[in-house]
Amino acid sequence: KTLTVELGERSYPIVIGGGLLDRAADYLRQAGVPDKSPLMIVSDDNVAPLYLERLESALSGGGYRVVSAVVPAGEQSKSLTVYNDLVTRAIEAGLDRSSAILALGGGVVGDLAGFVAGTYMRGIRFVQVPTTILAHDSSVGGKVAVNHPLAKNMIGVFHQPELVLYDVDTLNTLPPREVRAGLAEMVKHGLIWDREFAEWCWNNAPRLLDLEPEALIYGLERGCAIKAQIVSRDERENDLRAILNLGHTLGHAIEAVAGYGRYLHGEAIAVGMAAAALLGEERGGETGLYAETMLMLRALELPVTLPEDMDTEALMAAMQRDKKFREGRMVYIVPSEIGRVEIASDVDADAVRDVIERLK
Ligand code: NAD
Ligand code: ZN
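Residues numbered from 1 in each chain as written. Chains lettered and ligands numbered in written order. Predicted model: local features only at pLDDT ≥ 70, side-chain atom pairs only at ≥ 80, totals over all residues. Heavy atoms only, no water.

Colleague: Which parts of the structure should I look at to understand empty space enclosed by the protein?
Modeller: Take a probe with the size of a water molecule and roll it over the atoms, and the empty space left behind shows itself. Summed over the entire model, instances satisfying the criterion amount to three cavities of 30 Å³ or more. Looking at the largest cavity, it is lined by 17 residues, and the ones nearest its centre are Leu250, Gly272, Ala275, Ala276 and Tyr332. The element best represented in the lining of the largest cavity is helix H11 (residues 265-282), accounting for four residues. Here the lining of the largest cavity is composed, by residue class, of 12 nonpolar, five polar and no charged. Roughly 60 Å³ of internal volume is contained in the second largest cavity. Surrounding the second largest cavity, Leu150, Ala151, Lys152, His252, Ala253, Ala256, Tyr260, Ala318, Arg321 and Asp322 form its lining. Of all the secondary structure elements, the ones that give two or more residues to the lining of the second largest cavity are strand S8 (151-158), helix H10 (248-258) and helix H13 (312-321). The biggest single contributor to the lining of the second largest cavity is H10, with three residues. Per-class residue counts for the lining of the second largest cavity are six nonpolar, one polar and three charged. Two domains share the lining of the second largest cavity, each providing at least three of its residues, namely domain 1 (2-173) and domain 2 (176-358). (1 Å grid on protein atoms, 1.4 Å probe; cavity = no way out; pocket = protein on both sides within 12 Å on 5 of 7 lines; lining within 4 Å. Points joined across faces, edges and corners; volume = space filled by probe spheres on them. Helix = DSSP H or I, 4+ residues; strand = E, 2+ residues; numbered from the N terminus. Nonpolar A, V, L, I, M, F, W, Y, C, P; charged D, E, K, R; others polar. Domains from an automatic or database assignment.)

Now the structure itself:
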């Protein structure tokens, strides 16, 4: 199944299905990636032992020259230090303006490798080969970044891929906790845009948690399609695209305050989405908004509460540093009903404090 992301003059395909790694060379060629210059695959040390050789040999069998770079798994690799190592590797390997960088892994590898691709020689081709459920979100839309110790994703650019090659067979080795975290972004796409899809995620939670292929492919397709639609309308986050940040203002703060890596991104935004629903209902959203959101998130076995000892003021301070802070005011994405959100810049800090306290 192939979806297309349309961005003004450009577009790129998202291919979702089984057995795609072995046919990677054909897909790259179709996407216009030339084979005269070397390619660099970036992966992490969990994913590389599982899938790197297969991708390398598929590509070299198809006439591409390939070098690989493996970084430590985990959020800590989204750093300027690791970025610099990868640029060194790219220079040493002779990557030039016609080269492409491939990200084989989850959102961490995608964001990191994408930031290298977006900045190396002012930007070279980039291909996403996602291997997590969460990456149905991160691989589409062209936001790439590394973290600053004080705030997540602070250093980045917009750099769209030439191709997203989503081989769902790779998801079978994903640890269950990562499966759940990835489903948080999936249900998010329903919560912001499509009540029916949110309800589908809820009703099919057991099948999704079991990685049943049919359910998984449908969920990923629908999630990617919603993201693609939103990004097509607002590539640079002037307005609409901000709705994708549902749960992320608090979510990012939770990640930062707990220490990167303690919470998985999907877990943190699940708590963030629960908080947003509570805030939304208090601001006059539909009755049952909060209760229903909680049921959906719980069905996907995601956290919806905060530990009592998490410092509310530390969370508030971390939120202030988040990029959703604009023109002197915090911007929150607040649901008004399931499937519908507003971009609110008039949320009172005390209302947010109160919601955080109530989630403990
Ligand atoms: P991740 O890349 O760290 O992957 C999760 C874990 O699973 C890692 O330990 C990884 O090594 C392992 N793994 C990956 N694929 C595997 C497989 N097939 N089998 C076994 N293990 C596997 O994390 P993630 O959840 O994919 O992504 C989170 C990151 O994505 C965060 O940094 C977040 O900020 C970013 N993100 C970016 C965007 C965006 O638009 N750019 C959107 C959402 C999230
Ligand atoms: Zn996210």
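Colleague: I tried to follow the coordination of the zinc ion (ligand 2) on my own but got confused; where do I start?
Modeller: Octahedral metals with six donors have ideal donor angles of 90 or 180 degrees. Tetrahedral metals with four donors have an ideal donor angle of 109.5 degrees. Bound to the zinc ion (ligand 2) are the protein donor atoms Glu185 (OE), His248 (NE2) and His265 (NE2), situated 1.9 to 2.1 Å from the metal. All donors of the zinc ion (ligand 2) belong to a single chain; written as a sequence motif, their spacing is E-x62-H-x16-H. Here Glu185 is found in helix H6 (residues 176-193), whereas its partner His248 is found in helix H10, with 63 residues between them in sequence. The exposure class assigned to Glu185 is buried, which follows from its relative accessible area of 2%. (Donors = N, O, S within 2.8 Å, 3.2 Å for Na, K, Ca; no water. Buried < 20%, exposed > 50% of the residue type's maximum accessible area, 1.4 Å probe, protein only.)

Colleague: Explain the pairing of S8 to me, please; I cannot follow it from the model alone.
Modeller: In this sheet, S8 lies alongside strand S7 (residues 143-148) in antiparallel orientation, the contact comprising five bridges. The partner of Val144 across the bridge, within S8, is Val157. Here S7 folds back onto S8, and the loop between the two strands holds two residues. (Pairing = 2+ DSSP bridges.)

Colleague: I tried to follow the sheet that holds strand S1 (residues 2-7) on my own but got confused; where do I start?
Modeller: Hydrogen bonds between backbone groups are what pair the strands of a sheet, and the pairing can be parallel or antiparallel. Across the sheet, seven strands lie side by side as S1-S2-S9-S6-S5-S3-S4; this open sheet has mixed pairing. This sheet does not close on itself; its edge strands, each paired only once, are S1 and strand S4 (66-71). Here the strands of the sheet are splayed against their neighbours by 15° on average, with no regard to which way each runs. Contacting S1, strand S2 (10-17) and strand S9 (163-167), helix H9 (residues 213-233) runs over the sheet at an angle of about 10° to S1. (Axes fitted to C-alpha atoms, helices over the stretch in contact; angles between N-to-C directions. Contact = heavy atoms within 4.5 Å.)

Colleague: What exactly am I supposed to notice about the site of ligand 1 here?
Modeller: For ligand 1, the set of nearby residues contains 28 residues, the closest of which are Asp44, Thr131, Thr132, Lys152 and Thr173. Take Lys152: an N or O atom from its side chain is 2.7 Å from an oxygen atom of ligand 1. Coverage of ligand 1 by the protein chains reaches 91% of its 860 Å² of free accessible surface. Elements that contribute at least two residues to the shell around ligand 1 include exactly helix H2 (47-61), helix H4 (107-119), helix H5 (135-138), S8 and H6. Across the shell around ligand 1, the residue classes break down as eight nonpolar, 10 polar and 10 charged. (Near = heavy atom within 4 Å. Polar contact = N/O pair within 3.5 Å; in protein donor to acceptor, adjacent residues only side chain to side chain. Areas by Shrake-Rupley, 256 points an atom, 1.4 Å probe, with all protein chains shown as cover.)

Colleague: In this structure, what is going on with the side chain of Thr131? I would like to understand it.
Modeller: Relative to the helices and strands, Thr131 resides in the loop between strand S6 (125-130) and H5. Judged by its relative accessible area of 5%, Thr131 is buried. Ignoring anything within four residues of it in the chain, the contact list for Thr131 reads Val47, Leu104, Gly105, Gly106, Thr170, Leu171 and Leu174.

Colleague: What should I look at first to understand H13 in this one?
Modeller: For an α-helix, 3.6 residues make a turn, and residues three or four places apart therefore share a direction. For H13, the full list of buried residues reads Thr312, Leu315, Met316, Ala318 and Met319. In a view along the axis of H13, the buried residues occupy a sector of 165°, so they form one face of it. On its buried side, H13 packs onto H10, strand S11 (329-330), strand S12 (332-337) and helix H14 (349-358). Here H13 starts with a cap whose side-chain oxygen sits 3.0 Å from the backbone nitrogen of Glu313, and that cap is Asp311. (Arc of directions from axis to C-beta.)

Colleague: Can you walk me through the environment of Arg241 in this structure?
Modeller: Relative to the elements of secondary structure, Arg241 occurs in the loop between H9 and H10. Considered as a pair, Arg241 and Val231 are 10 residues apart in the sequence and their alpha carbons are 6.1 Å apart.

Colleague: Would you mind showing me how to read the pattern of salt bridges here?
Modeller: A side chain with one charge may pair with a side chain of the opposite charge, provided their charged atoms come close. Under the definition given, this model contains 25 salt bridges. Here Glu237 and Lys143 are joined by a salt bridge, their closest N and O atoms 2.5 Å apart. Placement of the pair is Glu237 in the loop between H9 and H10 and Lys143 in strand S7, with a sequence separation of 94 residues. You can call Glu237 buried: its relative accessible area is 12%. Via salt bridges that share partners, Glu75, Lys78, Asp111, Lys152 and Glu255 belong to a single interconnected network. (Salt bridge = Lys/Arg side-chain N within 4 Å of Asp/Glu carboxyl O.)

Colleague: How should I be thinking about the packing of H10 against H11 in this particular structure?
Modeller: Working note: a packed helix pair is described by the angle between its axes plus the distance between those axes. One can describe the packing of H10 onto H11 by two numbers: an axis separation of 7 Å at closest approach and a directional angle of 135°. Classified by the angle their axes make, H10 and H11 are oblique. In the crossing of H10 with H11, the sense of the turn from one axis to the other is right-handed. Only His265, Ala268, Ile269, Val271, Gly272 and Ala275 of H11 make contact with H10, whose side of the interface consists of His248, Leu250, Gly251, His252, Ile254 and Glu255. In terms of residue class, the contact of H10 with H11 is built from six nonpolar, five polar and one charged. (Parallel < 35°, antiparallel > 145°, perpendicular 65-115°, else oblique. Left-handed = near helix turned anticlockwise from the far one by under 90°.)

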